[in-house]
Amino acid sequence: MAWSQEEERILLRIERHLIDEDPRLAARLESFDRRVRRREEDGRGRERPSRRPGRSTVVLMTSWLLIATLIATLLILVLRHEAAALPL
């Protein structure tokens, strides 16, 4: 059912008043509205998978890479030191 022009004017006035009164709430509602529209456009009713990994995934991957690098460096230092200490 379509809105009448008077109803649309009232809704626009309410929206402007809301934005003036509480801009943070208005921004949150706008963000929610965009997510709902994306979900509806997706057609499956669920969010599309993000192409970027989450923050926790990046932190875990970086931590494991750092640990592996440290272990490799320590092994190289130990093996070179032992090789230099061997008598010929």
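These numbers were taken from a predicted model, which means no experiment stands behind them.

Draft legend 1. Layout of the overall build of the chain. Helix and strand content of the chain: 3 helices and 0 strands. Going residue by residue from the N terminus, the α and β elements of the chain occur as α-α-α. With 88 residues in all, the chain has 2% of them scored as buried. As displayed, the chain has an accessible area near 9000 Å², and 61% of this comes from carbon and sulfur atoms.

Draft legend 2. Inspection of a nonpolar patch on the surface at higher detail. Residues Leu60, Trp64, Ile67, Ile71, Leu75 and Leu79 make up a contiguous nonpolar surface patch of roughly 660 Å² in combined accessible area. Mapped onto the elements, Leu60 comes out in helix 3 (residues 55-85).

Draft legend 3. Structural view of the confidence of the model for the chain. When pLDDT is averaged across the chain, the result is 84; 83% of the residues are at 70 or more. When the elements of the chain are averaged for pLDDT, helix 2 (residues 23-42) gives the smallest value, 86, and helix 3 the largest, 90.

Draft legend 4. Here's a closer look at the packing of helix 1 (residues 5-21) against helix 2. Running from N to C, helix 1 and helix 2 point in directions that differ by 120°, and their axes come no closer than 5 Å. The angle between helix 1 and helix 2 places the two elements in the oblique class. When helix 1 is examined against helix 2, the residues Leu18, Ile19, Asp20 and Glu21 are found in contact with a partner set consisting of Pro23, Leu25, Ala26 and Leu29. Each residue belonging to the contact of helix 1 with helix 2 can be placed in one class, and the counts come to 6 nonpolar, no polar and 2 charged.

Draft legend 5. Geometry of the pattern of salt bridges. Taken as a whole, this structure holds 2 salt bridges when the rule is applied. Note that Glu6 and Arg9 form a salt bridge whose closest N and O atoms lie 2.6 Å from each other. Residue Glu6 and its partner Arg9 are both found in helix 1; the two are separated by 3 residues, about one turn of the helix. For Asp33, the salt bridge is made with Arg37, and the minimal N-O distance between the two is 3.0 Å.

Thresholds applied
- In this convention, every chain numbers its residues from 1, walking through the sequence in written order.
- A pLDDT threshold of at least 70 governs which residues receive local features in this predicted model, and a stricter bar of 80 or more applies before side-chain atom pairs are shown or counted, although totals over entire chains, interfaces and linings include all residues.
- Computation of side-chain values covers all heavy atoms of the structure but excludes hydrogens and water.
- Each helix is a run of H or I in the DSSP string that is no shorter than four residues. Each strand is a run of E no shorter than two, and both are numbered from the N terminus.
- The cut-offs for exposure are 20% and 50% of the maximum accessible area for each residue type, with area from a 1.4 Å probe on protein chains only; residues under the lower value are buried, those over the upper are exposed, and the others partly exposed.
- Reported accessibility uses the Shrake-Rupley method at a 1.4 Å probe radius. Residues are deemed covered only where the shown protein chains occlude them.
- Residues qualify for a patch when their relative accessible area is over 30% and they have no salt bridge, like charges being joined within 9 Å and the nonpolar side chains of Val, Leu, Ile, Met, Phe, Trp and Tyr within 5 Å.
- Every case where a carboxyl oxygen of Asp or Glu lies within 4 Å of a side-chain nitrogen of Lys or Arg is listed as a salt bridge.
- Looking at any residue, its pLDDT shows the predictor's confidence there, from 0 to 100.
- Under this scheme, a helix contributes an axis fitted over its contacting stretch, all axes are lines through C-alpha atoms, and angles between N-to-C directions fall in the 0 to 180 degree range.
- Orientation is classified from the angle alone, with under 35 degrees giving roughly parallel, over 145 giving roughly antiparallel, 65 to 115 giving roughly perpendicular, and any other angle giving oblique.
- Note on contacts: a residue pair is in contact if any heavy atoms of the two residues lie within 4.5 Å.
- Residue polarity is assigned by list, with Asp, Glu, Lys and Arg as charged and Ala, Val, Leu, Ile, Met, Phe, Trp, Tyr, Cys and Pro as nonpolar; anything else, Gly included, falls into the polar class.

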